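Spelled out from the first residue to the last, the chains are:
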Amino acid sequence: MPVHADGAGRGRGAGRWRSLTGQRDDLHLHFFGMPGFRPEDSYGSCLVVVPDIVELFDAFAAGMRAAHGKLLVSGIPRMTRSRRRKNAEGVTGFAVIDPGGNWIRFTAGADDAPAGPGPGGLTGALHNAVVMGDSRGDHERAARLLDHALRRHEATAGPAELVEALAYRAELAARAEDAPGVREFLARAEGVPLDEAGRRASAGTLTALRDLVAPFSARPVPVRPAD
């Protein structure tokens, strides 16, 4: 996969930075340098099927927070959150967009696929938006799709699925550097009444909301504790 090379670094090659290899356990990723290459124009992508998708996401997220102080959701580099992918048989996956603009897509194995037909209503629309926003990188189209679904289904959606949809809409606003939008959708998600079971179901989502608050709010937006 390509990355920018300006001759200042070193690797395999005579006098210039030419290649780089990253390794985790038995996974090896190889990168090559291209002088003048623009990360935003990258065509590099790979799919990595792993047995420990949750553990791997947590490791990447921890590394990004250690390096940048937060989980980056816009620009380059960035990463998407771990979600089920409608366009991948419903299995859970996430993507890391590295400093070279390469999309490294991690997915769980086929045994993670849910049984039965896919959901409809707001959850079905959310899955479609995730395809647009996470798999195809089109956050503007994903936001329009989800806005339409929220207008149509918000009044009848279950509390937990509404929190999921509003949280993803907040993330899409963050990708667009839309601070008022981030605050709006965070507040709407925070306002959804949840019983104890709903809090447990939404615990991971509520934790993710905290990551979005700090960079886009002059003062912290209160987020309900995840019991």
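Residues numbered from 1 in each chain as written. Predicted model: local features only at pLDDT ≥ 70, side-chain atom pairs only at ≥ 80, totals over all residues. Heavy atoms only, no water.

**Q** Would you mind going over the layout of surface pockets with me for this structure?
**A** Any empty space left between the atoms is revealed when a probe the size of a water molecule rolls over them. The space that makes up the second largest pocket amounts to roughly 460 Å³. As for the second largest pocket, its lining consists of 22 residues, of which Phe31, Phe60, Val96, Asp98 and Ile104 are closest to the centre. Looking at the lining of the second largest pocket, the elements that each hand over two or more residues are strand S1 (2-4), strand S2 (19-24), strand S3 (27-34), helix H1 (53-68) and strand S8 (103-108). For the lining of the second largest pocket, the leading source of residues is H1, giving six residues. Split by residue class, the lining of the second largest pocket holds 14 nonpolar, six polar and two charged. (1 Å grid on protein atoms, 1.4 Å probe; cavity = no way out; pocket = protein on both sides within 12 Å on 5 of 7 lines; lining within 4 Å. Points joined across faces, edges and corners; volume = space filled by probe spheres on them. Helix = DSSP H or I, 4+ residues; strand = E, 2+ residues; numbered from the N terminus. Nonpolar A, V, L, I, M, F, W, Y, C, P; charged D, E, K, R; others polar.)

**Q** Explanation requested: the packing of aromatic side chains in the structure shown.
**A** Each aromatic ring pair is characterised by the separation of its centres together with the angle its planes make. Summed over the entire model, instances satisfying the criterion amount to four aromatic pairs. Seen from their ring centres, Phe57 and Phe94 are 5.3 Å apart, and the 80° between their planes marks the pair as edge-to-face. Of the two residues, Phe57 is situated in helix H1 and Phe94 in strand S7 (residues 92-97); the sequence distance between them amounts to 37 residues. Summarising the burial analysis for this pair, Phe57 and Phe94 share the class buried. Relative to Phe106, the ring of Phe94 has its centre 5.1 Å away and its plane inclined at 20°; by these criteria the two rings are stacked. One end of the pair, Phe94, is in strand S7; the other, Phe106, is in strand S8, with 12 residues separating them in the sequence. Exposure class is identical for Phe94 and Phe106. Each is buried. In this structure an aromatic cluster arises from ring pairing among Phe57, Phe60, Phe94 and Phe106. (Phe/Tyr/Trp six-rings, centres within 6.5 Å; stacked < 30°, edge-to-face > 60°. Buried < 20%, exposed > 50% of the residue type's maximum accessible area, 1.4 Å probe, protein only.)

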